[in-house]
Amino acid sequence: MWTVAACLMPPLVLSVFIFGIQTLVITAACVISCVVVEAITQKCLKRQVTIYDGSAVITGLLIAYIIPPSAPLWLPPLGAIMGIYIGKHLLGGIGYNIFNPALLARAFLMATFPVAMTAAWMPPLSTMEIFSFYGETVDAVSAATPLYLLSHGGMAALIEEFGSPSSFYGRFFLGWRPGCIGETSTFLIMAGGLFLMYKKYITWHTPVAMLGTIALLTWIFGGDEKLFAGDPILAVLAGGAMLGAFFMATDYVTTPMGAKAKLVFGFGVGALTVLIRLKGGYPEGVAYAILLMNPMTPALEVWFRPQRFAPPLGSDQ
Amino acid sequence: MMNSAALLTFPKGGVHPPESKELTSGIPIEEMPVPANLEIILGQHIGVPCEPLVKKHSKVQEGELIGQVSRGLGVPIHAPISGTVANIGDSYHPFRVSTPSVTIRSSTDSEPVCYTPVDWNAFSREELKDKVRAAGIIGAGGAGFPTHVKLSPPPDARIDTLILNGAECEPYLTADHRIMVEHAEEVIIGAQVILKILGIKRCLIGIEANKPDAIATMTDAARKQSRDAANRGEQVEIAVKTLQVKYPQGSEKQLIQSLTGRKVPGFGLPLAIGVVVQNITTARAIYEAAVLNKPFIEKVVTISGRGIKRPANLNVKVGTLVSDIVNYLGGTTEDLKKVVLGGPMMGFAVSTLDIPILKTTSSILFLTKDEIDIRPHSNCIRCGWCVEVCPMGLQPCEIGMYVEAGKGKDTRQFGALECFECGSCAYVCPAKRPLVQFVRLAKMELNKKPLVV
């Protein structure tokens, strides 16, 4: 668990340079809220207190990473209550929860406080003035996320804001774009994810299936007018695709175990993401796509059982 | 160094626990002096225990029959030493609570018994099989299945291959390793006796690559014996095969797959695919029975772990108490935490040292705090590592969760009954869940007979 938390650190550090020091404050608030909520919940439910296993810390980090850098500080505790108390413990506790707690928190915050969650996206800092926005009202600065522009004004609006694709691919890859706190740096998220794969904590199946599906379906259906005109690179660089693919769709508890089931899970998340992005009411769909696939996990486990060495004759396999 | 990809192995699952064999792998087999008392458990084999043939205070000679089975598959038991029967009562058992036994007090004035070799080739198949049964030989690997039964396949079985299991994949264990290094000839002759009993020509000996010295001595001995057999006009093929170091390489089903590519069917026996598997110690015991007329009364046992003062490979009499062995080896260290009979993966922790050595005991491990993990277990987080390492393709995590929820009887779908309890799942579990124990509970639930009113 702590290795996963460590792999999540680089994007946080970078976010300070992209959006300013308040990202640290928000993240700290999320982590502390989650740990406190977990401790109180477990005490009240008379269960063993397991705040040292690192699970609540990761949930806290992930909640922070998928809310905007301009979020007010009363959002984190509410997210923590939704994610940890309801999403994790009331649905069975660690190992038994059906939905990814961090994503449940985001879905709840999005539905309940849409303005705080989406109205004011911060543009990346142009200089190293990481303290410059601190204390200012968030309305003073605002920008639109790439996916927002894409869904409301098409590719033209995106190019008007960020320049030609060849110039923004590089910046998006590094993380310099408006977005949630920890989702912007494709590079660092990928590095963390690849390290987890190297350590064999996660496998390639889900991320590859999910990102591949997003890229493919966006390429086919994502064009403004005709088929096969979408931008697959932008599709995986923008929004929460990377963070979702490496750190959320690979969550042990809420996703399947077997390789085949993981591939199907990844395909499902990718397809739902593209569907929501292109046809849904929100510009971004990764969070909902994963949440919709989470309850499919038990079914996928049953459909894709591991190959037994030699099951007895006449058994169910 | 051989390329590990070229080594034989089984395809699915397996783990690589620290081998810890360096504690004893270089130490020659040492004869332990006969202790004052032996407690010989009457139920060594699978099945009905032996009935004692001796009475209290009667004198016995080494090798004399002291127990005989009245029914079932069992084999007789012999006196490992000369002495007096001090008691017929009960002894502690490694994993049963207590069990009937014969206690023999050794006599100091008895003559050592001499075993003179005979030409085993002069005996017929049936005579050799009788010798194996009469010598009280059972599978020394752990299950304790009577060997002569394994050597009596039904007439319709088409056996073509004998496999000798020299994998010794459990960490710490080096007894078979030392036997192969020091008594390779005897093991190979034992293999030839088995080949003759089965009426087949082909024997494969699987040894893990971490025992290069054993591979060398066994290969030499196999070549020499094959030549000798050819000179007698017999064609036998005895081949030593190097196996990849991976636990549980020595599991019967996995070993057969590694060496022959054949798969034992679910709940089937190796006989079904034409294979008979024997343990190295068993093969040597068969040699001693056939050539020396010596019954199965002693055993090489690895005494290891960082909790014993002097680790060793000891040749001990069956019935020797663990406490006597500990005293002989200078006692235990202060940081001893756990005593395990058998390997660390599949063995059983014991609560007393007054347990006698069985024909199936391969090792006694004295483990310190650093060698065991006593952290409490927590909830399953469904990481799936156990599914990945299970050599049988089962779902230990699900079995564990079902058992915890009181639904052990619904675990057939996850393969609970196919589990042979190798412990790979529990070894990798990050939540430290006692998955093997959960499986045992599931098996108990599944095997419960419905109440008949």
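All values derive from a computational prediction rather than experimental measurement.

## Some words on the overall build of chain B
Okay, step 1: Scanning chain B for helices and strands turns up twelve helices and 17 strands.
Okay, step 2: The C-alpha atoms of chain B give a radius of gyration of 22 Å, which matches the 22 Å a tight globule of 453 residues would have.
Okay, step 3: Taking the principal axes of its C-alpha atoms as reference, chain B extends roughly 65 × 55 × 50 Å.
Okay, step 4: Residues classed as buried in chain B amount to 52% of the 453 residues present.
Okay, step 5: Expressed as a percentage of contacts within chain B between residues at least 6 apart in sequence, the contacts between residues at least 24 apart total 73%.

## Concerning the interface of chain A and chain B
Okay, step 1: Counting residues at the interface gives 17 residues for chain A and 23 residues for chain B.
Okay, step 2: In terms of residue class, the side of chain A that touches chain B is made up of ten nonpolar, five polar and two charged.

## Quick notes on the sheet that holds strand β4 (residues 59-60) of chain B
Adjacent strands of a sheet pair through backbone hydrogen bonds, lying either parallel or antiparallel.
Okay, step 1: Overall, antiparallel pairing links the four strands, which are arranged β2-β8-β7-β4 (chain B) in an open sheet. Looking at the sheet topology across the chains shown, the edges are occupied by β2 (37-41) and β4 of chain B.

## Here's the deal with the nonpolar core
Okay, step 1: A:I63, A:I67, A:I290, B:A191, B:I194, B:M218 and B:I286 are the most contacted members of the largest nonpolar core, which has 220 residues in total.
Okay, step 2: In terms of residues, this core owes the most to one element, helix α4 (residues 184-198) of chain B, which gives ten residues.
Okay, step 3: Setting aside its immediate chain neighbours within four residues, B:I194 contacts B:L151, B:L162, B:Q278, B:A283 and B:I286.

## Overview of the domain arrangement of chain A
Residue and element names in this part refer to chain A.
Okay, step 1: Partitioning chain A into domains gives domain 1 (2-116) and domain 2 (146-303).
Okay, step 2: The centre of domain 1, based on its C-alpha atoms, is set 21 Å off from the matching centre of domain 2.
Okay, step 3: Contacts between the two partners involve 31 residues from domain 1 and, on the opposite side, 29 residues from domain 2.
Okay, step 4: Listing elements by their share of the side of domain 1 that touches domain 2, those giving two or more residues are α1 (2-7), α2 (9-19), α3 (22-44), α4 (55-65) and α6 (101-112).
Okay, step 5: A total of seven residues in the side of domain 1 that touches domain 2 trace back to one element, the largest contributor, which is α2.
Okay, step 6: When grouped by side-chain class, the residues that make up the side of domain 1 that touches domain 2 number 23 nonpolar, seven polar and one charged.

## Remarks on the packing of helix α3 (residues 175-182) of chain B against helix α5 (residues 212-231) of chain B
Residues and elements named next belong to chain B.
Okay, step 1: For the pair α3 and α5, the least separation of the axes is 8 Å and the interaxial angle reads 40°. Taken together, the axis directions place α3 and α5 in an arrangement best described as oblique. Of the two possible hands of crossing, α3 and α5 adopt the one that is left-handed. Here H177, M180 and V181 of α3 lie close against α5, whose contacting residues are D213, A214, T217 and M218.
Okay, step 2: Grouping the constituent residues of the contact of α3 with α5 by class yields four nonpolar, two polar and one charged.

## Considerations on the sheet that holds strand β17 (residues 363-368) of chain B
Residue and element names in this part refer to chain B.
Okay, step 1: Read across the open sheet, the six strands follow the order β1-β14-β13-β17-β15-β16; overall the sheet is mixed. Strand pairing shows two members of the sheet lacking a second neighbour, β1 (29-31) and β16 (348-350), which therefore form its edges. Within the sheet, the average angular offset between the axes of one strand and its neighbour, ignoring direction, is 30°.
Okay, step 2: With six bridges connecting them, strand β13 (residues 298-304) and strand β14 (residues 312-317) associate as antiparallel partners. Its bridge partner lying in β14, V300 is registered against N315.
Okay, step 3: Packing of α3 onto the sheet brings it into contact with β1, β13, β14 and β17, and relative to β13 it is tilted by some 125°.

## Quick look at the environment of B:G83
Residues and elements named next belong to chain B.
Okay, step 1: Relative to the helices and strands, G83 is located in strand β7 (residues 83-92).
Okay, step 2: Between the alpha carbons of G83 and P94 there is a distance of 25 Å; along the sequence they are eleven residues apart.
Okay, step 3: With residues near it in sequence (within four places) discarded, G83 still touches V60, I104, R105, S106 and S107.

## Let's talk about the environment of A:A238
All names here are of chain A.
Okay, step 1: Mapped onto the secondary structure, A238 falls in the loop between α12 (232-237) and α13 (241-248).
Okay, step 2: Overall, A238 belongs to the buried group, with 29 C-beta atoms counted inside 10 Å.
Okay, step 3: C-alpha separation for the pair A238 and T186, spaced 52 residues apart in sequence, amounts to 8.5 Å.
Okay, step 4: Among residues more than four places away in sequence, those in contact with A238 are P146, L147 and F172.

## Quick notes on the packing of α3(B) against helix α7 (residues 280-292) of chain B
All names here are of chain B.
Okay, step 1: Where α3 meets α7, the axes come as close as 9 Å, and the angle between the chain directions of the two elements is 45°. What the angle tells us is that α3 and α7 run oblique. Residues A175, D176, I179 and M180 of α3 form the contact with α7, whose participating residues are I280, T281 and R284.
Okay, step 2: Considering only residue class, the contact of α3 with α7 consists of four nonpolar, one polar and two charged.

## Observations regarding unusual backbone geometry
All names here are of chain B.
Okay, step 1: With omega at -5°, the peptide bond leading from Y247 into P248 counts as cis.
Okay, step 2: Positive phi, normally seen in glycine, also occurs at Y172, with a value near 75°.
Okay, step 3: Since 31 C-beta atoms lie within 10 Å of it, Y172 is described here as buried.
Okay, step 4: Even without being a glycine, E421 presents a positive backbone phi close to 65°.
Okay, step 5: Within the element layout of this structure, E421 appears in the loop between α10 (396-404) and α11 (424-428).

## Quick notes on the domain arrangement of chain B
Residue and element names in this part refer to chain B.
Okay, step 1: As far as domains go, chain B holds domain 1 (4-26 + 116-292), domain 2 (32-115 + 296-371) and domain 3 (385-447).
Okay, step 2: Here domain 1 and domain 2 have C-alpha centroids that lie 24 Å from each other.
Okay, step 3: Every contact between the two is made by 29 residues of domain 1 and, on the other side, 31 residues of domain 2.
Okay, step 4: Counting residues per element, the ones that place at least two in the side of domain 1 that touches domain 2 are α1 (125-134), α3 and α7.
Okay, step 5: Its residues placed into classes, the side of domain 1 that touches domain 2 shows 19 nonpolar, seven polar and three charged.

## Topic: helix α8 (residues 146-162) of chain A
Residue and element names in this part refer to chain A.
Okay, step 1: The terminal C-alpha atoms of α8 lie 8 Å apart, and with 17 residues this falls more than 12% below the ideal 24 Å at 1.5 Å per residue.
Okay, step 2: Of all the bends in α8, the greatest, near 135°, is centred on G153.
Okay, step 3: Within α8 the residues assigned to the buried category are P146, L147, Y148, L149, L150, L158 and F162.
Okay, step 4: Elements in contact with the buried residues of α8: α9 (165-174), α12 and α14 (259-279).
Okay, step 5: Looking one or two residues beyond α8, the residue adopting positive phi is G163, at roughly 90°.

Parameters at a glance
- Residues numbered from 1 in each chain as written.
- Chains lettered and ligands numbered in written order.
- Predicted model: local features only at pLDDT ≥ 70, side-chain atom pairs only at ≥ 80, totals over all residues.
- Helix = DSSP H or I, 4+ residues; strand = E, 2+ residues; numbered from the N terminus.
- Rg over C-alpha atoms; globule rule 2.2 N^0.38 Å.
- Buried ≥ 20, exposed ≤ 12 C-beta atoms within 10 Å, placed from the backbone.
- Contact = placed C-beta atoms within 7 Å.
- Nonpolar A, V, L, I, M, F, W, Y, C, P; charged D, E, K, R; others polar.
- Pairing = 2+ DSSP bridges.
- Core = buried A, V, L, I, M, F, W, Y, C linked by C-beta atoms within 7 Å.
- Domains from an automatic or database assignment.
- Axes fitted to C-alpha atoms, helices over the stretch in contact; angles between N-to-C directions.
- Parallel < 35°, antiparallel > 145°, perpendicular 65-115°, else oblique.
- Left-handed = near helix turned anticlockwise from the far one by under 90°.
- Expected span 1.5 Å × (residues − 1).
- Bend = angle between axes of the 7 residues up to and from the residue.

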